[in-house]
Amino acid sequence: MIDFNDTTEGREAMMRASSWYWATAMGIKLLGDTRFTLKNCLYMGKIMDDDSRFVVVMKGTQARITTAFMLRSIHCLKYGLYPQGVIYYFPSRDAVEDFSKTRFTPLINDNPCIKKHLKSTDSVFVKKVNKAFLTLKGATATKNIKGRKKDSMAVRSTPADEAILDERDLFDQAIVDMIPDRLLNSKFKRIVNLGSPTIPDFGISKCFDESDQKFSLIKCEGCGGWTNLALEFPNSVKYKRATTHEEYAPFFACVKCDKQIDPFSGDFVAKYPGREHSGYHVPHLITPYCEVQMVMDRWAEAQADGSKLGTFYNSILGLPYIPAEDRLTHSDVYACCGGDVMRTELSIGETAAGVDIGKAYHTVLIGNKVDDKRGKVIYACRVKGYDKVYDLFIKYNVKSGVVCLRPYEEEFGKFQAKCSLKDIQVYGSEYNPSHKQKSYMKTDEKAGIYTLHRTQAFDRSHSWVKNQQVEFPRRCEEVDVLVEQLCNSAKVLEEDERTGDRIYRYIKVGSGEDHYRSALNYFQIALTCLTHWQGLSAVGGKMSVGDSYNPLEWGL
Ligand SMILES: [Zn+2]
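Residues numbered from 1 in each chain as written. Predicted model: local features only at pLDDT ≥ 70, side-chain atom pairs only at ≥ 80, totals over all residues.

### Section: the pairing of strand β19 (residues 398-404)
Here's step 1: For β19, the tally of buried residues reaches seven of seven residues, placing the bulk of the element in the interior.
Here's step 2: Taken together, the five bridges between strand β16 (residues 351-357) and β19 define a ladder with parallel strand orientation. Within β19, the position partnered with T351 by the bridge is V398.
Here's step 3: Two strands pair when backbone bridges link them, and β19 and strand β20 (residues 425-431) are joined in this way by five bridges, in the parallel orientation. Within β20, the position partnered with C404 by the bridge is S429.
Here's step 4: The parallel pair β19 and β20 is bridged by helix α14 (residues 409-420), and the resulting crossover is right-handed. (Buried ≥ 20, exposed ≤ 12 C-beta atoms within 10 Å, placed from the backbone. Helix = DSSP H or I, 4+ residues; strand = E, 2+ residues; numbered from the N terminus. Pairing = 2+ DSSP bridges. Right-handed = clockwise from strand over helix to strand, strands pointing away.)

So, in structure tokens, the structure goes:
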């Protein structure tokens, strides 16, 4: 092996080839009067050296990954590796301003070796490094025009060779989808996704799942076994005391033989080698300032107070987490599958239907009422066009339907009128986007429209499935699709940046297809009206109209 340090030429070659080598050799000053070093964070060097086209880092708190990629970007531009430059995206403009003031500007001012390569620009968010630009941007949607794709001026205008998305879970997916367009003229087209995970199957966790999934494994000097501190937590922590007078203190230990292991000595090992996207998991446990005692204190707190578990998983273990009550699992839904295959014959009994209207297809659930709490789906399918939906309504003797009002309101109106000629009561349904609606449902009897509180609608179908009060047909291909889609919604607590209001909202996770979930929400409502057609004396019958009527006292 050539020791490049021997010659000035060799040293210069290393400086050019490796951003961490450059940052170390230049003694780059960071916040708090510290200097860049890989001491106790070798993982950082490995990640900075990764020149894969797609890099993903799922990280816990204090992982220093933002610093790593900021330095890597400056290094690339200083050495002219990228002709067009780098765009570093933050979730919002406020986040950019905050970063620029508190971290980026000090980094430049404290390091003359960086500053001398910067040409002055008017903008605090665009720095010209030699010939290319380092641009800091907030990926906030600036316009949300009705019926048009979300667009952001910030995302649209600048070309680049590398795009870095920091705090990925806070990005608007519509904006993320546009970012690759910025790289079309580049021969590199590199995309880096960084961030702390929130919930599974979403944002950075979803990116990491699709990657080769490199985890830090620590080799035991005693038995030679490997330990993954985060995935094997809390078994990766043991307690000991030096003398009987001392208190027991926690330490990181080999899960095979309990011998103490060094959390900084890990090697990244890919779970799925060969995948195109290069993914790293960096839990707080392997970062330089991690204290085992603090970790165990916070773990004890989280054990006592379940509301702290999510934060513990996300920031300490660097793993996504969702409580069981916030997302349905496949087994929750399969547990509701009965023994009956989908009904293909005509129905004689009256049925209800929930229909989600989509651009590609309409999703239909048809079923009947078992008792005042339970329903049974007898048919589930995806069809194209309102005519097909109408044919199904006739075939299965649907008497009560709840159907998405949008996006085809005009067609819906015709469908509703056509159904009423056959004595089929059809309500259009829409979710109230404002969150100001307190009640679960507002009914416009004249127009035949329900306005639903979206979160409550999802909550209700969630408990319906959890409590096994709805039966689905026996497992088949279409039921597998239904199961997947019912699980593609997850409840998260969101804070409004301006007002500080905290609201629960269901977001799309997994593949993002959740049409069966909406259809189920609507089917649940359609069933409540069914007895209207069987006489007012029936249980759960629609006794009155207007605000006093709360059909969803039924069903839960
Ligand atoms: Zn061991």
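### Thoughts on the packing of helix α13 (residues 386-395) against α14
Here's step 1: Taken N-terminus to C-terminus, the directions of α13 and α14 make an angle of 25°; their axes are 11 Å apart at the nearest point. The pairing of α13 with α14 is recorded here as roughly parallel in orientation. Handedness of the crossing formed by α13 with α14: right-handed. Seen from α13, the contacting residues are Y386, Y390 and F393; seen from α14, they are E411, F415, K418 and C419.
Here's step 2: Looking at the contact of α13 with α14 residue by residue, the class counts come to five nonpolar, no polar and two charged. (Axes fitted to C-alpha atoms, helices over the stretch in contact; angles between N-to-C directions. Parallel < 35°, antiparallel > 145°, perpendicular 65-115°, else oblique. Left-handed = near helix turned anticlockwise from the far one by under 90°. Contact = placed C-beta atoms within 7 Å. Nonpolar A, V, L, I, M, F, W, Y, C, P; charged D, E, K, R; others polar.)

### What to know about the confidence of the model for the chain
Here's step 1: Of all residues in the chain, 90% attain a pLDDT of 70 or more, and the chain-wide mean is 88.
Here's step 2: Here residues 143-151 is modelled with pLDDT under 50, and outside its nearest four sequence neighbours on either side it reaches eight contacts, counting other chains as well.
Here's step 3: In the predicted structure, residues 532-556 sits below a pLDDT of 50 and forms 34 contacts with residues beyond four places in sequence or in another chain. (pLDDT = per-residue confidence, 0-100.)

### Focus on the packing of helix α16 (residues 477-486) against helix α17 (residues 515-528)
Here's step 1: As a packed pair, α16 and α17 sit with axes 7 Å apart at the nearest point and diverge in direction by 85°. In terms of axis orientation, α16 runs roughly perpendicular to α17. On the side of α16, the interface is formed by L482, Q485 and L486, while α17 contributes H515, Y516, R517 and L520.
Here's step 2: For the contact of α16 with α17, the residue count by class is four nonpolar, two polar and one charged.

### Re the nonpolar core
Generally speaking, a soluble globular protein has its nonpolar side chains buried in company with each other.
Here's step 1: Of all hydrophobic cores here, the largest spans 75 residues; its most connected members are V57, L77, V86, Y88, Y89, A163 and I164.
Here's step 2: The element contributing the most residues to this core is helix α4 (residues 65-78), with eight residues.
Here's step 3: Every residue in contact with V57, bar those within four places of it in the chain, is listed here: I47, I65, L194, Y280 and V282.
Here's step 4: Ranked by size, the runner-up nonpolar core spans 60 residues in total, among them V364, V483, L486 and C487. (Core = buried A, V, L, I, M, F, W, Y, C linked by C-beta atoms within 7 Å.)

### With respect to unusual backbone geometry
Here's step 1: Of note, the bond from F233 into P234 is cis; its omega dihedral lies within 30 degrees of zero at 0°.
Here's step 2: When you line up the elements, P234 lands in the loop between β11 (226-227) and β12 (237-240).
Here's step 3: Following R406, the chain continues into P407 via a peptide bond in cis, with omega recorded as 5°.
Here's step 4: Looking at where P407 falls in the secondary structure, it is placed in the loop between β19 and α14.
Here's step 5: In this model, R64 sits at a positive phi of 60°, which is unusual for a non-glycine residue.

### Things to note about α4
Here's step 1: Between the first and last C-alpha of α4 there are 20 Å, a value that for 14 residues agrees with the 20 Å anticipated at 1.5 Å per step.
Here's step 2: The buried fraction of α4 is high, at 13 of 14 residues.
Here's step 3: The positive-phi residue at the C-terminal boundary of α4 is G80, with phi of around 65°. (Expected span 1.5 Å × (residues − 1).)

### Focus on the pairing of strand β9 (residues 190-195)
The two faces of the sheet receive side chains in turn, since in a regular strand these alternate between them.
Here's step 1: The element β9 is extensively covered by neighbouring structure, given that five of its six residues are classed as buried.
Here's step 2: Where strand β3 (residues 54-59) lies against β9, five bridges are found, and the strand directions are parallel. Bridge pairing in β9 places V55 opposite V192.
Here's step 3: Judged from the four bridges that link them, strand β8 (residues 162-165) and β9 form a sheet pairing that is parallel. Bridging from a neighbouring strand, I164 pairs with V192 of β9.

### Some words on the sheet that holds strand β22 (residues 449-452)
Strand pairs in the sheet, formed through backbone hydrogen bonds, run parallel or antiparallel to each other.
Here's step 1: In space, the eight strands of this open sheet follow the order β21-β22-β20-β19-β16-β17-β18-β23, with mixed pairing throughout. The outermost strands of the open sheet, each flanked by one partner alone, are β21 (441-444) and β23 (470-471).
Here's step 2: The strands touched by α13 are β16, β17 (362-369), β18 (375-383) and β19; relative to β17, the strand with the most contacts, the crossing angle is about 15°.

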